[in-house]
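# Overview (structure and organization)
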Amino acid sequence: MLPPGADSVVVRHGDVGVKSSHVQSDMERTLRDNVAAMLADRGVPGDVEREWGRVLVRSPAAGRAADAAADTFGVVSASPAVSVAPDLDAISDALAAAARAHYDGGAFAVDARRAGTHDFDSHDVNRVGGDAVWAAVEDDFQPVVDLDDPDITFFVEVRDAEAFVFLTHRDGPGGMPLGTQQPLVALVSGGIDSPVAAWEAMRRGAPVIPLYLALGDYGGPDHRARAEAAVRTLDDYAPNHNLSLRVAPAGDAINRLAAATGRTRMLSFRRFMYRVAEHVAEHAGAAGIVTGEAVGQKSSQTTANLGVVDRATTLPVHRPLLTWDKQRITAAARSIDTFRDSSLDVGCNRLAPRQPLTAAPIESVRADEPDALFEWARAVAADTGPVEVAVA
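Below is a short write-up of the structure. The shown structure was predicted, so the numbers you read here are calculated from the model rather than taken from an experiment. (Residues numbered from 1 in each chain as written. Predicted model: local features only at pLDDT ≥ 70, side-chain atom pairs only at ≥ 80, totals over all residues. Heavy atoms only, no water.)

## With respect to the overall build of the protein
The helix and strand inventory of the protein stands at 13 helices and 15 strands. Evaluated residue by residue, the protein yields a buried proportion of 54% over its 392 residues. When contacts within the protein are restricted to residue pairs at least 6 apart in sequence, long-range pairs at least 24 apart make up 80% of them. Across the protein, 38 positive and 54 negative side-chain charges occur, with their mean positions spaced 10 Å apart. (Helix = DSSP H or I, 4+ residues; strand = E, 2+ residues; numbered from the N terminus. Buried < 20%, exposed > 50% of the residue type's maximum accessible area, 1.4 Å probe, protein only. Contact = heavy atoms within 4.5 Å. Lys, Arg positive; Asp, Glu negative; His and termini not counted. Charge placed at Lys NZ, Arg CZ, Asp CG, Glu CD.)

## Here's the deal with unusual backbone geometry
Its identity is not glycine, yet Asp 337 carries a phi of approximately 75°, on the positive side. Tracing the sequence through the fold places Asp 337 in the loop between helix H10 (326-336) and helix H11 (347-351).

## A few points about the packing of helix H8 (residues 265-284) against helix H13 (residues 373-384)
Between H8 and H13, the least distance of the axes is 8 Å, while the angle of their chain directions is 45°. Regarding the angle of H8 to H13, the classification is oblique. For the pair H8 and H13, the crossing hand works out as right-handed. Across the interface between the two elements, Ser 268, Arg 271, Phe 272, Arg 275, Val 276, His 279 and Val 280 of H8 pack against Leu 373, Phe 374, Trp 376, Ala 377, Arg 378, Val 380, Ala 381 and Thr 384 of H13. Looking at the contact of H8 with H13, its residues break down into nine nonpolar, three polar and three charged. (Axes fitted to C-alpha atoms, helices over the stretch in contact; angles between N-to-C directions. Parallel < 35°, antiparallel > 145°, perpendicular 65-115°, else oblique. Left-handed = near helix turned anticlockwise from the far one by under 90°. Nonpolar A, V, L, I, M, F, W, Y, C, P; charged D, E, K, R; others polar.)

## Regarding helix H3 (residues 88-102)
Over its 15 residues, H3 runs 21 Å from end to end, which matches the ideal 21 Å to within 8%, given 1.5 Å per residue. At its buried positions, H3 is contacted by strand E4 (75-84), strand E5 (107-114), helix H4 (122-137), strand E7 (152-158) and strand E8 (163-166). In this structure Asp 87 caps H3, since a side-chain oxygen of it lies 3.2 Å from the backbone nitrogen of Asp 89. (Expected span 1.5 Å × (residues − 1). Polar contact = N/O pair within 3.5 Å; in protein donor to acceptor, adjacent residues only side chain to side chain.)

## Some remarks on a negative patch on the surface
The grouping of Asp 87, Asp 89, Asp 93 and Asp 119 at the surface amounts to a negative patch. Structurally, Asp 87 is set in the loop between E4 and H3. (Patch = residues over 30% accessible without salt bridge, like charges linked within 9 Å, V, L, I, M, F, W, Y side chains within 5 Å. Areas by Shrake-Rupley, 256 points an atom, 1.4 Å probe, with all protein chains shown as cover. Salt bridge = Lys/Arg side-chain N within 4 Å of Asp/Glu carboxyl O.)

## With respect to the nonpolar core
By size, the foremost hydrophobic cluster in this structure holds 39 residues, and its most contacted members are Val 185, Leu 187, Leu 211, Leu 213, Phe 269, Phe 272 and Val 276. Counting residues per element, the ones that place at least two in this core are strand E10 (184-187), strand E11 (208-214), helix H7 (251-260), H8, helix H9 (303-310), helix H12 (362-368) and H13. Counting residues per element, this core draws most heavily on H8, at 10 residues. Not counting residues within four places of it along the chain, the set of residues in contact with Val 276 comprises Leu 211, Leu 213, Ala 248, Ala 377, Val 380 and Ala 381. If you look at the next biggest cluster of nonpolar residues, it comprises 31 residues, including Ala 198, Val 247, Ile 329 and Phe 339. (Core = buried A, V, L, I, M, F, W, Y, C linked by side-chain atoms within 4.5 Å.)

This is the structure:
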């Protein structure tokens, strides 16, 4: 619901507000720029401003602008609003207009917040504003006040220079503004988990460099197409960042690995994969690797085996989904719109041995895998740089 004359969007953040004043200022500026980029990418007119504790959008298309802002990492909620003078008369007039437009029965409440210096407080706004809503509709029906469980709530936010009247909060992803953390290489398989993990890393402020390992006989064009589609969806959340998918030509190395290993094959494959990602990260200036692994989801993802594969890289391996169950991951994939393009089994499932080890000693893994495995990874990473698939 939009209040009559809606011309603004009040954008709220969360974790940004617990930072020091200097860091908060920097992060709010980044958030402002990201919201502006999201509006521009979607063709929504508007100017984006930063005030302490808030980002404000001025737009003749406040509803569309709120939708765009609510898809921006770091945003907790966004409200399309009408801006008025910060005095009780102007606020009351806006509340009355909103009541006539949207209040047609049931119980109501006025919920006011105030920051700054005024000759009234939030209780005055609630009282005077409630009277204005009541008077606006009492000739049409008998209004009812219910502060605990209203059918409609009229919100007011009063700041030093202006006040905002609005009716809804559109939930955002929360987290941190994208670009406030160092980038990570995101291993994207084309399955359900990895795009959700990449999205979660982005939600905490880290841009991602998507990396897909082309598995040759164990993969195929469908798997790569799924990965490309998932990254295109992720790119929609980051219009001012480069999310070109990097493709590592790993087919020959995987064939040799499969021929040389048995029950430890998947662990060596993941160690190879991490080492490729490490070299890509070194070239791209990334601070770590992000994967979609969850404890116990597969034999290679037991707590013991995760420790084994981690030893293949000196970079931190970030696992946002570490404790998630599959149902939660699937629900998240549907929510961010990557599920449809990620529902095909990926090639590494066919690479797995029939009886994989669930707690393989590192010594056994190293003994079974080819001595040249990490050299293969370096060579594959060297061929990855020029092979980029633009998704923007």
